Each structure stands twice: as structure tokens, then as C-alpha cells.
Amino acid sequence: MAINNDRRNPYQHWLIIVIVLTIVVLDQVSKYAIRTNFELYESVTVIVGSFNLTYIENTGAAFGLLSNVSFPFKTTILALAATIALLFIAFYMVTLPSSQWIARTGLSCILGGAIGNLIDRITTGAVVDFIDLYWRGWHFWAFNVADTAITVGVIIMIIDLFWTGKHRAS
């Protein structure tokens, strides 16, 4: 019987913890700065024609889905769904062999971002978004540090799937 040494690397567990905590702290500090220095819907131009800081609260899911929909226990249901997703991500991440450090890094970013947004949802019932990118009359959805971490994590996972995944298969 072969011994699986993949899970015996304590440095990778520390790296996961550092990535997740860094994202959560940066996310919560940035959202606190926005909440304490801006009025809701207040906007400040950072780069004319492309980037504003705009304080928005998203009571819905990702990309504002369900924001304009009201139903009983909406915040609780969305928080519960996010918590279940977090648990699945965390479980999957810790079951990956340590050789799959790229996938673990991507999942750590996703986990940190999801925790940051879940903290908002549980404590205030809405996720603070404030990064407003636009071009002419077209505005991308407002987002935050947690959303950025999730996006970066997904990109890392795609790179791992298509680039390094080919090398693992051969």
C-alpha cells in the first residue's frame, strides 16, 4: 500500500490561510472605508471616463441578480447558499494533492472572496460594491475586492485546467 504524502506539506496549508486571510482583510478594510467615507450612491471620479468609486449595496446575488426581487428570508437564503458553496470549495481544496498548488491557489482566492462577501451579507444584509468601471455610457457591474479575488481565482483555475492539466494528463 502506497503512502500518500500529498497532505503532509504544512507550508501549503499556511499559504492557503495567508491568501484567504489577506483577501478577507483587504476586502473588509476597503468596504469599511467606503461605508464610513461615502453616502450610499455617492460617486467620486478616480480616472475620468473609465473609473469611479461609487458606494452601492447589493442585496442580491452575484452581478446584482435578484437585487430588485423581494421574498421572505432573502438574506438568510442567500447567506445559506453561499455558506454551502464555501464548504464545498473548502472541502474540495483540502482534498487536492499538494502537487496541485495552482488549483489550490485559485480556490484560496475564491474562498477568500466568498468569505468577504458572506461577512457583508450576514452583518448588514447587503454586499458593499464600489469599483465602478465604465466606458462612455456603458457601466460594468459595480464590484469589490472580494469579487476581484473570486474572478482572479476562477482565471487561475482555468489556467490550471487548460495549461497544467494537460501536463498532468501526459
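Structure shown above.
Visitor: Honestly, the overall build of the chain in this entry has me stumped. Any pointers?
Guide: The helix and strand tally for the chain stands at four helices and four strands. Along the chain, helices (α) and strands (β) appear in the sequence α-β-β-α-α-β-β-α when read from the amino end. Within the span of the chain, comprising 170 residues, buried residues form 36% of the whole. In the structure as shown, the chain presents an accessible area of about 10,700 Å², 72% of it carried by carbon and sulfur atoms.

Visitor: For this particular structure, what's the right way to read the side chain of S108?
Guide: Its place among the elements puts S108 in helix α3 (residues 101-124). Reaching out from S108, the side chain makes a polar contact with the backbone oxygen of R104 at a distance of 2.7 Å. Sequence-distant contacts of S108, that is, excluding residues within four places in its chain, are made with I16, I19, V20, I23 and M93.

Visitor: Any chance you could explain the nonpolar core here in plain terms?
Guide: A general tendency of soluble globular proteins is for nonpolar side chains to be buried together. One finds V20, I89, M93, L107 and L111 to be the most contacted residues of the largest nonpolar core, which totals 13 residues. When residues of this core are traced back to their parent elements, those giving at least two are α1 (10-37), α2 (74-95) and α3. At five residues, α3 tops the list of elements feeding residues into this core. Counting seven residues, the second largest nonpolar core, distinct from the first, contains I34, F130, I131 and F143.

Visitor: Just checking my understanding: could you explain the environment of G112 for this structure?
Guide: Turning to its location among the elements, G112 is positioned in helix α3. On the accessibility criterion, G112 (0% relative accessible area) is buried. In sequence terms G112 and G153 are 41 residues apart; their C-alpha atoms lie 9.5 Å from each other. In this structure, G112 is in contact with V20, I23 and V24, ignoring residues within four places of it in sequence.

Visitor: Please clarify how the sheet that holds strand β1 (residues 43-47) should be interpreted in this entry.
Guide: The pairing of strands in a sheet happens through backbone hydrogen bonds and is either parallel or antiparallel. Read from one edge of the open sheet, four strands run β1-β2-β3-β4, paired in antiparallel fashion. This sheet does not close on itself; its edge strands, each paired only once, are β1 and β4 (138-139). Strand direction decides the pairing type here: strand β2 (residues 51-58) and strand β3 (residues 127-135), joined by six bridges, are antiparallel. Looking at β3, one finds that E57 is bridged to V128.

Visitor: How should I be thinking about the pairing of β3 in this particular structure?
Guide: Consecutive side chains along a regular strand alternate between the two faces of the sheet. Summarising burial for β3: seven of the nine residues are buried, a large majority. In this sheet, β4 lies alongside β3 in antiparallel orientation, the contact comprising two bridges. The residue of β4 that forms the bridge with Y134 is H139. Counting the residues that bridge the hairpin from β3 to β4 gives two residues, and of these R136 lies at a positive phi of roughly 55°.

Visitor: I'm lost on the packing of α2 against α3 in this one. Help?
Guide: Closest axis-to-axis distance for the α2/α3 pair is 10 Å, and the angle between their directions is 160°. By the angle between their directions, the pair α2 and α3 is classed as roughly antiparallel. Every pair of crossing elements has a handedness; the one defined by α2 and α3 is left-handed. Between α2 and α3, the contacting residues are T75, L78, A79, A82, T83, L86, I89, A90, Y92, M93 and V94 on the first element and R104, L107, S108, I110, L111, A114, I115, L118, R121 and I122 on the second. For the contact of α2 with α3, a count of residues per class yields 16 nonpolar, three polar and two charged.

Visitor: Even after reading the chapter, I still don't get the packing of aromatic side chains, so can you show me in this structure?
Guide: Given two aromatic rings, one states the distance between the centres and the angle between the planes to describe the pair. Taken as a whole and assessed by the stated rule, the structure comprises three aromatic pairs. Among the aromatic residues, those joined into a ring-pair cluster are W138, F140, W141 and F143.

Visitor: Teacher, can you tell me more about a nonpolar patch on the surface here?
Guide: Taken together, L133, W135, W138, F140 and W141 make up a surface patch of nonpolar side chains, about 590 Å² in accessible area. Within the fold, F140 resides in the loop between β4 and α4 (145-169).

What counts and how
Residues numbered from 1 in each chain as written. Predicted model: local features only at pLDDT ≥ 70, side-chain atom pairs only at ≥ 80, totals over all residues. Heavy atoms only, no water. Helix = DSSP H or I, 4+ residues; strand = E, 2+ residues; numbered from the N terminus. Buried < 20%, exposed > 50% of the residue type's maximum accessible area, 1.4 Å probe, protein only. Areas by Shrake-Rupley, 256 points an atom, 1.4 Å probe, with all protein chains shown as cover. Polar contact = N/O pair within 3.5 Å; in protein donor to acceptor, adjacent residues only side chain to side chain. Contact = heavy atoms within 4.5 Å. Core = buried A, V, L, I, M, F, W, Y, C linked by side-chain atoms within 4.5 Å. Pairing = 2+ DSSP bridges. Axes fitted to C-alpha atoms, helices over the stretch in contact; angles between N-to-C directions. Parallel < 35°, antiparallel > 145°, perpendicular 65-115°, else oblique. Left-handed = near helix turned anticlockwise from the far one by under 90°. Nonpolar A, V, L, I, M, F, W, Y, C, P; charged D, E, K, R; others polar. Phe/Tyr/Trp six-rings, centres within 6.5 Å; stacked < 30°, edge-to-face > 60°. Patch = residues over 30% accessible without salt bridge, like charges linked within 9 Å, V, L, I, M, F, W, Y side chains within 5 Å. Salt bridge = Lys/Arg side-chain N within 4 Å of Asp/Glu carboxyl O.

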